[in-house]
Amino acid sequence: MDIKNSETSEYESALKKLLPQGSYWENLIADDRGDLALVIKERAMRLSEFRSRMNQLLREAFPVSAKETISDWERVTLGETHEDWTLEERRSELMARRDWKSIPLIYQAAGGGAEVRPAYTMAAFGRAKCGQTICGTFASLNVVKISVSGIEEIKRETLENAARNLLLANQEAFFEYEQ
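Because the structure is predicted, anything quoted here is derived from the model rather than measured.

Novice: Can you help me understand the environment of isoleucine 151 in this one?
Specialist: Topologically, isoleucine 151 is positioned in the loop between strand S2 (133-149) and helix H7 (156-166). Given the relative accessible area of 9%, isoleucine 151 is considered buried. With 27 residues separating them in the primary sequence, isoleucine 151 and glutamate 178 have C-alpha atoms 8.4 Å apart.

Novice: Just to check I follow, could you spell out the side chain of arginine 91 for this structure?
Specialist: Tracing the backbone shows arginine 91 in helix H5 (residues 87-96). Using a relative accessible area of 13% as the deciding quantity, one classes arginine 91 as buried. Each residue touching arginine 91, except ones within four places of it in the same chain, is listed here: Pro63, Val64, Ser65, Ala66, Lys67 and Ile70.

Novice: I'm lost on the pattern of salt bridges in this one. Help?
Specialist: Where charged atoms from two side chains of opposite charge approach closely, those side chains can pair. Taken as a whole and assessed by the stated rule, the structure comprises 7 salt bridges. Residue glutamate 42 is joined to arginine 46 by a salt bridge in which the shortest nitrogen-to-oxygen separation is 3.0 Å. Taken together, the positions of glutamate 42 and arginine 46, both in helix H3 (residues 35-60) and 4 residues apart, correspond to about one turn of that helix. By relative accessible area, which is 33% here, glutamate 42 ends up partly exposed. For glutamate 68, the salt bridge identified is with arginine 53, shortest N-O distance 2.9 Å.

Novice: Sorry if this is basic, but what is going on with H5 here?
Specialist: Owing to its 3.6 residues per turn, the α-helix brings residues three or four apart onto one side. For H5, the full list of buried residues reads Arg90, Arg91 and Leu94. Down the axis of H5, the buried set is contained in an arc of 100 degrees. They therefore lie on one face. Residues Glu88 and Ala96 are exposed on H5 and point more than 90 degrees away from its buried face.

Novice: I tried to follow the confidence of the model for the chain on my own but got confused; where do I start?
Specialist: Reading predicted coordinates in detail is not appropriate for stretches of low pLDDT. Predicted confidence across the chain gives a mean pLDDT of 76, with 68% of residues reaching 70 or more. Element-level pLDDT for the chain is lowest in strand S1 (residues 114-127), with a mean of 55, against a maximum mean of 90 in helix H2 (residues 23-30).

Novice: What am I meant to see in the packing of aromatic side chains here?
Specialist: Two aromatic rings are characterised by how far apart their centres lie and by the angle between their planes. Taken as a whole and assessed by the stated rule, the structure comprises 2 aromatic pairs. Taking 6.3 Å as the distance between ring centres and 10 degrees as the angle between the ring planes, the aromatic pair formed by phenylalanine 175 and tyrosine 177 counts as stacked. Here the basic side chain of arginine 156 rests over the ring of tyrosine 177, its NZ or CZ set 4.0 Å away from the ring centre.

Novice: For this particular structure, what's the right way to read the side chain of glutamate 60?
Specialist: Summarising the element assignment, glutamate 60 is placed in helix H3. Notably, glutamate 60 is buried but unbridged: the nearest opposite-charge side chain belongs to arginine 91, and the N-O separation is 6.3 Å. Within the local environment of glutamate 60, its side chain forms a polar contact with the backbone nitrogen of lysine 67, the two atoms lying 3.0 Å apart. Excluding its chain neighbours within four sequence positions, the residues that come into contact with glutamate 60 are Ser65, Ala66, Lys67, Glu68, Thr69 and Trp73.

Conventions used here
- Residues numbered from 1 in each chain as written.
- Predicted model: local features only at pLDDT ≥ 70, side-chain atom pairs only at ≥ 80, totals over all residues.
- Heavy atoms only, no water.
- Helix = DSSP H or I, 4+ residues; strand = E, 2+ residues; numbered from the N terminus.
- Buried < 20%, exposed > 50% of the residue type's maximum accessible area, 1.4 Å probe, protein only.
- Contact = heavy atoms within 4.5 Å.
- Salt bridge = Lys/Arg side-chain N within 4 Å of Asp/Glu carboxyl O.
- Arc of directions from axis to C-beta.
- pLDDT = per-residue confidence, 0-100.
- Phe/Tyr/Trp six-rings, centres within 6.5 Å; stacked < 30°, edge-to-face > 60°.
- Lys NZ or Arg CZ within 6 Å of the ring centre and 35° of its normal.
- Lys, Arg positive; Asp, Glu negative; His and termini not counted.
- Polar contact = N/O pair within 3.5 Å; in protein donor to acceptor, adjacent residues only side chain to side chain.

Here you go:
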């Protein structure tokens, strides 16, 4: 699941290759205390930190390995957070109740006439640029279907805003209204 972490020196080398060829540029790069060399070193360090952070965020995409976003997972799937529980207890509860069928706040916002369930999860097949073969569900694309009955036209916008605020960033709400 991890994206390959690269050393800062690898990024420095790649950034230097982006510069024009010629002795002028080679002399600028050779001066370790020069502006260009310092900018390249700083950018390489930032790229390395960014790549490291990407790996952390990939692990947050799944409740079984979430740490930083565990409260968001609980809020969306359980309708409440359990700050006083241990991380393992919170993950276990999430895995046990992965049905996504009851988000109480959406239900309340719809006046008791809403059913919330996953509509579909996109599938992905192929090979990513980071070298990972993908075959199966794609965690970053998730559509949640919200079927609502008996709600006035004027309250729909309020309901939709409330529902979107309750969903995770990788989820898209699909509303279906019945009269």
